[in-house]
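# Structural description and commentary
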Amino acid sequence: MGSFSSQLEQLSQQGNLRRLPEIDSDGRYAIRGGMKMLNLSSNDYLGLADNRALKEEFFHSLNPHECRFSSTSSRLLTGNFPIYTRLENQLAELYDAECALVFNSGYHANSGILPAVTDNRSLILADKLVHASIVDGIGLSKARNIRYRHNHYEQLERLVAENSSQYDKIFIVTESIFSMDGDECDLQRLVALKKNFHNIYLYVDEAHAFGVRGPQGLGCAEEQKLTRKIDFLVCTFGKAAASVGAFVICSNEIKEYLVNKMRTLIFTTALPPINLEWTQFMLHKIPFMHSRREHLEKISKKLRNALNPLNGDILSSSHIIPYVLGNSERAITAAERLQREGFYLLPVRPPTVPQGSSRLRISLNAEITDTEIEQLIHALHNLQTDL
Ligand SMILES: *Cc1c(COP(=O)(O)O)cnc(C)c1O
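To keep things clear, this report deals only with the structure shown in the data block. Worth saying up front: this structure is predicted, and the values here are computed from it rather than measured. (Residues numbered from 1 in each chain as written. Predicted model: local features only at pLDDT ≥ 70, side-chain atom pairs only at ≥ 80, totals over all residues. Heavy atoms only, no water.)

## Topic: the overall build of the protein chain
What the protein chain contains, in helices and strands, is 14 helices and 14 strands. Against the globule reference of 21 Å for 387 residues, the protein chain gives a C-alpha radius of gyration of 21 Å, in line with a compact fold. By its C-alpha atoms, the protein chain is 60 × 55 × 45 Å across when sized along the principal axes. Residue burial in the protein chain is summarised as follows: out of 387 residues, 54% are buried. (Helix = DSSP H or I, 4+ residues; strand = E, 2+ residues; numbered from the N terminus. Rg over C-alpha atoms; globule rule 2.2 N^0.38 Å. Buried < 20%, exposed > 50% of the residue type's maximum accessible area, 1.4 Å probe, protein only.)

## A few points about the site of the ligand
Taken together, 13 residues lie near the ligand, and Gly106, Tyr107, Asp205, His208 and Lys239 sit nearest. Take Tyr107: an N or O atom from its main chain is 2.8 Å from an oxygen atom of the ligand. With respect to the ligand, the side chain of His208 contributes an N or O atom lying 2.6 Å from an oxygen atom. Sort the elements by how many residues they give to the shell around the ligand and helix α4 (residues 106–117) lands first, with three residues. Residues belonging to the shell around the ligand are distributed by class as follows: two nonpolar, eight polar and three charged. (Near = heavy atom within 4 Å. Polar contact = N/O pair within 3.5 Å; in protein donor to acceptor, adjacent residues only side chain to side chain. Nonpolar A, V, L, I, M, F, W, Y, C, P; charged D, E, K, R; others polar.)

## Details of helix α11 (residues 273–285)
The terminal C-alpha atoms of α11, which comprises 13 residues, lie 19 Å apart, in line with the 18 Å expected from a rise of 1.5 Å per residue. For α11, the full list of buried residues reads Pro273, Ile274, Leu276, Trp278, Thr279, Gln280, Phe281, Met282 and Leu283. Those residues of α11 hidden inside the fold are in contact with α2 (52–60) and α3 (82–95). (Expected span 1.5 Å × (residues − 1). Contact = heavy atoms within 4.5 Å.)

## Quick word on the packing of α4 against helix α9 (residues 252–261)
Axis separation between α4 and α9 bottoms out at 10 Å; the angle between their running directions is 100°. Viewed along their axes, α4 and α9 adopt a mutual orientation that is roughly perpendicular. Of the residues in α9, those touching α4 at Ile113, Ala116 and Val117 are Tyr257, Leu258 and Lys261. The residue makeup of the contact of α4 with α9, split by class, is five nonpolar, no polar and one charged. (Axes fitted to C-alpha atoms, helices over the stretch in contact; angles between N-to-C directions. Parallel < 35°, antiparallel > 145°, perpendicular 65-115°, else oblique.)

## Considerations on the environment of Ser316
Mapping Ser316 onto the fold places it in the loop between α12 (290–307) and β11 (320–326). With 138 residues separating them along the chain, Ser316 and Phe178 place their C-alpha atoms 8.9 Å apart. Apart from residues lying up to four places away in sequence, Ser316 is in contact with Asp181, Gly182, Asp183, Arg304, Asn308, Ile321 and Pro322. Of note is the side chain of Ser316, whose polar atom sits 3.4 Å from the backbone oxygen of Gly182.

## Quick notes on the pattern of salt bridges
Across all of its chains, the model carries 24 salt bridges by this definition. Ionic pairing is found between Glu88 and Lys255, a salt bridge with its closest N-O pair at 3.0 Å. Taken as a pair, Glu88 in helix α3 and Lys255 in helix α9 lie far apart in primary sequence, 167 residues in all. By relative accessible area, which is 6% here, Glu88 ends up buried. The partner of Arg337 in a salt bridge is Asp386, with the nearest N and O atoms 2.7 Å apart. (Salt bridge = Lys/Arg side-chain N within 4 Å of Asp/Glu carboxyl O.)

## Observations regarding the environment of Asn311
Its location among the elements puts Asn311 in the loop between α12 and β11. Asn311 gets classed as buried once you look at its relative accessible area, which sits at 6%. Those residues in contact with Asn311 that lie beyond four places of it in its chain are Pro322, Tyr323 and Val324. At a separation of 2.9 Å, a polar atom in the side chain of Asn311 contacts the main-chain amide nitrogen of Val324.

Below, the structure written as structure tokens:
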């Protein structure tokens, strides 16, 4: 390992140096360097984060004397305010599940659950493309782990068959909609696989599907009527729900176990109650936002039809639509040009995506119009002929 400066220099030469952008937003626009651009890079998938009517209604519902902007301790000490129980009951009811457990973030959930529920007699089988927070959870776990090729279920089934008798518990870990490729796992097939073995636990991260998929926006598992078949159904509030935090839908037994063992739940100050109030407020609205979900799917389909044929093996089926450009420089050049044309797109580079697959990651939201999608497709088309 060289000096910090020489490593930074190396990153810079590879086109992989990251900087914190100075950025502001105004509704559906991102403002950067004096330019106002259509924001095609946020995870505000339903377009609710800056919704005036919702904010006003929420503020009117509050009594300032009852607002708490800090919980000042862990949920296991004095941080477990009544809103926590109310929110978890609301979630359990929505999912028709035994229970829910709320965490400070998706990162806390994913980096904490697997280390808590596994030991050296466990095996974790995780998709090659799972989010960094899950990778960190695997790293902190004492279990053996194998990463299977992305959505490669023959390999996964073989790994399960070969290993199931040698471990107490096997955890299959996947995302429902994948962060970078925008494609989906085959939940039906994973649930079917689990049925054949007594010791398999299914762990599904729905960070990109919560709010967006399913009749009530509860995710892909709801869409496919599989919520009860998944042992750890993890969703986050920071994306489509326009709030902060995360939760897992699980059995009472697992919840009790996590409360006793999960370090990222126990050893951190709980989220401020005011944030949970806002989450609960949003959770009352999101199940009814069918028209936003339908519009998002409509514009996504339009863009997928234009971009999927250009992306080789990568086949988005969601509102996250990559445009793969190869090396980092090409992705940077493309992003800069599109930004000048009024589209706020960012290059995604290694190590976030594999070498040679640097891309623009376009994430659509329900506030974007049909016309804007057509303009974007036009701009991408021109870009393709020029690059
Ligand atoms: C964003 C994301 C997370 C992290 O959630 P935060 O609440 O932002 O910490 C976890 N998993 C996936 C797949 C994500 O995209």
